[in-house]
Amino acid sequence: MQFAGSHILSVTQFERADVETIFSVADRMEPYAHRRRVTKVLDGAILGSMFFEPSTRTRVSFGSAFNLLGGEVRETTGFENSAIAKGESLYDTARVLSGYSDVIAMRHPAAGSVAEFAAASRVPVINGGDGANEHPSQALLDLYTIKKELAGRGRGIDGLRIAMVGDLRYGRTVHSLCKLLCLFDRVQVVLVSPQELRMPGEIVEDLRAAGHEALESEALEASIAHVDIVYSTRIQEERFSSQQEADLYRGRFRLNQTIYTEHCEPNTVIMHPLPRDSRETARELDDDLNDNPNLAIFRQTDNGVLVRMALFALVLDVADEVDAHARDVNWYTAGRFG
Ligand code: NCD
């Protein structure tokens, strides 16, 4: 695809070569993300960060990524703080705010809303999650993490064996990840969820049409026995009609160190888009996994900055100019303070 000036709304807009381009630009962002070098390639550029649903890491990592490229961030959070609360349409908001920014990252509770907003925007819009639909930058950072985690083990994305566990009906990260995996070869996906929270049928069909094996299961232990990755998700309680309904499913699939040791192959990588629900009634990924070196959840969040830097650099067409606007720094602190 042509990245320059494009919206990033769904992973279905990518071909495999596009994903590889994003990953190779992300690799080149490492010295900047680790603050060994600074670049001013986006000096003067403004990111409109518009998050109309709760978000910590996605919002902050989009902002950090933009700052690390030398740009500035303007934030709008929550409907109550925006003119949408006065009845303004997405069209009008997009026309106005795209006049104040060079690129927009947006999250909204309604599926399709970010695309609707983008259609009226004068600048590129990146989907930071639209309801239960898609979360393309998360799927990219998840796949980038999978690639890096498996690189030293003689395994790659082709031939990947992955179990996705939890709320597969409303979890937009797993929707996008499955669609992205359709670009690769010979993937085995085990979809573990309560019957009522199964992966939407059309996404399962897409996996099979891509030549992948897609199995659905309600049994955690058997499903995680022969996989490279266990990708756990939280029950998306905000998508249920009531808290009581979400409570029916919370805590159904819990992975802890004992279950991991008994059932997983050694070195199975554990992932989660976060936030994990650490309340007693949920605990889909127990805190006792925190010292497990295969717990990749915080490497995922670090990789998110690299991938989002790559998306900004590509969409704003500066990927090849980053180094020309850079210098080394001498205040780099990592390792110096123990
Ligand atoms: C996810 C999301 O918002 O879809 N979080 C994130 O962006 N990392 C997953 C979730 O909220 O459960």
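Residues numbered from 1 in each chain as written. Predicted model: local features only at pLDDT ≥ 70, side-chain atom pairs only at ≥ 80, totals over all residues. Heavy atoms only, no water.

Colleague: How should I be thinking about the nonpolar core in this particular structure?
Modeller: Where a protein is soluble and globular, its nonpolar side chains tend to be buried together. If you look at the biggest cluster of nonpolar residues, it comprises 69 residues, and the most contacted ones within it are Ile22, Leu143, Ile162 and Met164. Sort the elements by how many residues they give to this core and helix α12 (residues 297–315) lands first, with ten residues. (Core = buried A, V, L, I, M, F, W, Y, C linked by side-chain atoms within 4.5 Å. Buried < 20%, exposed > 50% of the residue type's maximum accessible area, 1.4 Å probe, protein only. Helix = DSSP H or I, 4+ residues; strand = E, 2+ residues; numbered from the N terminus.)

Colleague: Sorry if this is basic, but what is going on with the pattern of salt bridges here?
Modeller: One pass over the structure, following the stated rule, counts 25 salt bridges. A salt bridge links Asp328 to Arg37; the nearest nitrogen and oxygen atoms lie 2.7 Å apart. Taken together, the residues Asp328 in strand β11 (residues 326–328) and Arg37 in strand β1 (residues 37–39) connect sequence positions 291 residues apart. With a relative accessible area of 53%, Asp328 lands in the exposed category. In this structure, Glu237 engages Arg279 in a salt bridge whose closest nitrogen and oxygen atoms are separated by 3.3 Å. Residue Glu237 is located in the loop between β9 (229–232) and α10 (243–247), and its partner Arg279 is located in the loop between β10 (269–271) and α12; the two are separated by 42 residues in the primary sequence. Taking relative accessible area as the criterion, Glu237 reaches 23% and is therefore assigned partly exposed. (Salt bridge = Lys/Arg side-chain N within 4 Å of Asp/Glu carboxyl O.)

Colleague: Even after reading the chapter, I still don't get the UniProt feature "binding site: carbamoyl phosphate" (unreviewed entry) in the protein chain, so can you show me in this structure?
Modeller: Taking the UniProt record as the reference, the feature "binding site: carbamoyl phosphate" (unreviewed entry) is found at Arg57, Thr58, Arg107, His135, Gln138, Leu274 and Pro275. For Thr58, the position within the fold is in helix α3 (residues 57–68). Discounting residues that sit within four places of it in the chain, Thr58 has contacts with Phe51, Arg107, Gly128, His135 and Arg308. Structurally, Pro275 can be placed in the loop between β10 and α12. Residue classification places Pro275 among the partly exposed positions, given a relative accessible area of 41%. What Pro275 contacts, discounting residues up to four positions off in sequence, is Arg57, Arg234 and Glu284. (UniProt positions renumbered as here; feature names shortened; annotations may be inferred. Contact = heavy atoms within 4.5 Å.)

Colleague: What's the story with the UniProt feature "binding site: L-aspartate" (unreviewed entry) in the protein chain in this structure? I'm lost.
Modeller: Listed under "binding site: L-aspartate" (unreviewed entry) in the UniProt record, and renumbered for this structure, are Lys86, Arg172 and Arg234. A maximum C-alpha distance of 32.4 Å among these annotated residues, which run over 149 residues, shows that they spread across the structure rather than meeting at one spot. Tracing the backbone shows Lys86 in the loop between β3 (72–77) and α4 (90–97). The exposure class of Lys86 is exposed, given its relative accessible area of 77%. Note that Arg172 resides in helix α7 (residues 172–181). Excluding anything up to four places from it in sequence, Arg172 contacts Glu53, Arg107, His108, Gly129, Asp130, Gly131, Ala132, Asn133, Glu134, His135 and Arg239. Reaching out from Arg172, the side chain makes a polar contact with the backbone oxygen of Gly131 at a distance of 3.0 Å. (Polar contact = N/O pair within 3.5 Å; in protein donor to acceptor, adjacent residues only side chain to side chain.)

Colleague: Which parts of the structure should I look at to understand the packing of helix α1 (residues 16–28) against helix α6 (residues 136–151)?
Modeller: Pairs of packed helices are described in terms of their axes, by the angle between the two and the distance that separates them. At a minimum axis separation of 11 Å, α1 and α6 run at an interaxial angle of 70°. Classified by the interaxial angle, the pair formed by α1 and α6 is roughly perpendicular. In this structure, α1 uses Val19, Ile22, Phe23, Ala26 and Asp27 to contact α6, whose residues at the interface are Leu140, Leu143, Tyr144 and Lys147. Of the residues that constitute the contact of α1 with α6, the class distribution is seven nonpolar, no polar and two charged. (Axes fitted to C-alpha atoms, helices over the stretch in contact; angles between N-to-C directions. Parallel < 35°, antiparallel > 145°, perpendicular 65-115°, else oblique. Nonpolar A, V, L, I, M, F, W, Y, C, P; charged D, E, K, R; others polar.)

Colleague: So what exactly am I meant to see when it comes to the sheet that holds strand β2 (residues 46–51) here?
Modeller: Within a beta sheet, neighbouring strands are joined by backbone hydrogen bonds and run either parallel or antiparallel to one another. Strand order in the open sheet formed by four strands is β3-β2-β4-β5, and the pairing between neighbours is parallel. Every other strand in the sheet has two partners, leaving β3 and β5 (125–130) as the edge strands with one partner each. The sheet shows a mean angle of 15° between the axes of neighbouring strands, direction not considered. Here four bridges tie strand β4 (residues 103–108) to β5, and the two strands are oriented parallel to one another. The partner of Met106 across the bridge, within β5, is Asn127. Along the sheet, α3 contacts β2, β3, β4 and β5; its crossing angle with β2, the most-contacted strand, is approximately 180°. (Pairing = 2+ DSSP bridges.)

Colleague: How do you make sense of the site of the ligand when you look at a structure like this?
Modeller: In the vicinity of the ligand, the contacting residues are Arg57, Thr58, Arg107, His135, Gln138, Arg172, Thr173, Arg234, Gln236, Pro273, Leu274 and Pro275. Between an oxygen atom of the ligand and a side-chain N or O atom of His135, the distance comes to 2.8 Å. Here a nitrogen atom of the ligand and a backbone polar atom of Leu274 are 2.9 Å apart. Taken by itself the ligand offers 320 Å² of open surface, and the protein chains cover 94% of this. Mapped onto the shell around the ligand, the elements with two or more residues apiece are α3 and α7. Residue composition of the shell around the ligand, grouped by class: three nonpolar, five polar and four charged. (Near = heavy atom within 4 Å. Areas by Shrake-Rupley, 256 points an atom, 1.4 Å probe, with all protein chains shown as cover.)

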